[in-house]
Amino acid sequence: MAMALLDSVNRLLASGHYQPLLSVIKGLRNGAVYGAKVRLPHSLVMTLLFKRGSLKDMSKGIFEATYTHSRNLALFVFSYKALTSLMAVAQNKPEQFHSFAAAFCAGYFIFGKYNKVNEQINLYLLSRILYGLAKLAVKKGFIPKPKGDTFPWFAAIVWGIVLWLFEYESDTLQPSLRKIEIPVKKQTAIE
């Protein structure tokens, strides 16, 4: 009896009729797992390096950050997959704008609430988006393909801007960047 039930379930799953629903459920699980895998080691290292307090308080902070990251990714993927599936069914086929519209809505409601975890995730994505858009501009021919290696220029611009901000407009940077101390040799009258 159990084997017959298992065979029926496997046939149902293999039929493809419930692929959108299964994709939503799998996305929920994968978002939760990935969020925990990414945030737990990060929170652990950052807490051990930069936080002070009782072991209980530090453990609570690690758990809360991991839970927030994991929950938000799970809810985002669940919402995104559900919305793209619904739009594809409504229009009888998937369209490119479905991805943007679904992610826009899910991003607003899930990653639009300010907290440190959401801020870090959004800033991480922003850097990847800017890099991707630059590559897309070259791919589509909006800007010519560079003749040489552009990575040194990219690094120079990033570091030039961040240290200029650090030195002269540090209140505009995230607190984690303002805590960095750059050793500068002090000139004395004897030298």
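Residues numbered from 1 in each chain as written. Predicted model: local features only at pLDDT ≥ 70, side-chain atom pairs only at ≥ 80, totals over all residues. Heavy atoms only, no water.

Engineer: I'm lost on the nonpolar core in this one. Help?
Structural biologist: Across soluble globular proteins, you tend to see nonpolar side chains buried next to one another. Membership of the largest hydrophobic core is limited to eight residues, which are A65, L73, F76, A106, I110, F111, V117 and I121. Looking at this core, the elements that each hand over two or more residues are α3 (55-90), α4 (96-111) and α5 (116-139). Leaving out residues up to four positions away in the same chain, I121 has contacts with R39, H69 and F111. (Core = buried A, V, L, I, M, F, W, Y, C linked by side-chain atoms within 4.5 Å. Buried < 20%, exposed > 50% of the residue type's maximum accessible area, 1.4 Å probe, protein only. Helix = DSSP H or I, 4+ residues; strand = E, 2+ residues; numbered from the N terminus. Contact = heavy atoms within 4.5 Å.)

Engineer: Help me understand the packing of aromatic side chains in this model?
Structural biologist: Two aromatic rings are characterised by how far apart their centres lie and by the angle between their planes. Scanning the entire structure with this criterion turns up seven aromatic pairs. When the ring of F76 is compared with that of F111, the centres are 5.7 Å apart and the planes differ by 50 degrees; the resulting orientation is tilted. Of the two residues, F76 is situated in helix α3 and F111 in helix α4; the sequence distance between them amounts to 35 residues. The pair formed by F76 and F111 is uniform in burial state, with each residue classed as buried. Ring plane angle 50 degrees and centroid distance 5.5 Å describe the contact between F151 and F154, whose orientation is recorded as tilted. Here the residue F151 and the residue F154 both occupy positions in helix α6 (residues 151-168), the gap between them amounting to three residues, near one helical turn. By relative accessible area, F151 is classed as partly exposed at 48%. Assessed through its relative accessible area of 38%, F154 is described here as partly exposed. Grouping aromatic residues by their ring pairs yields a cluster made of F76, Y80 and F111. (Phe/Tyr/Trp six-rings, centres within 6.5 Å; stacked < 30°, edge-to-face > 60°.)

Engineer: What should I look at first to understand the packing of α3 against α5 in this one?
Structural biologist: Packed helices, taken two at a time, are described by the angle between their axes plus the distance between the axes. In the contact formed by α3 and α5, the axes pass within 9 Å of each other and the chain directions differ by 55 degrees. Here α3 is positioned oblique relative to α5, judged by the angle of their axes. Pair α3 / α5 crosses with right-handed handedness. Note on element contacts: α5 touches α3 through V117, N118 and I121, opposite A65, T68, H69 and N72. Looking at the contact of α3 with α5 residue by residue, the classes come out as three nonpolar, four polar and no charged. (Axes fitted to C-alpha atoms, helices over the stretch in contact; angles between N-to-C directions. Parallel < 35°, antiparallel > 145°, perpendicular 65-115°, else oblique. Left-handed = near helix turned anticlockwise from the far one by under 90°. Nonpolar A, V, L, I, M, F, W, Y, C, P; charged D, E, K, R; others polar.)

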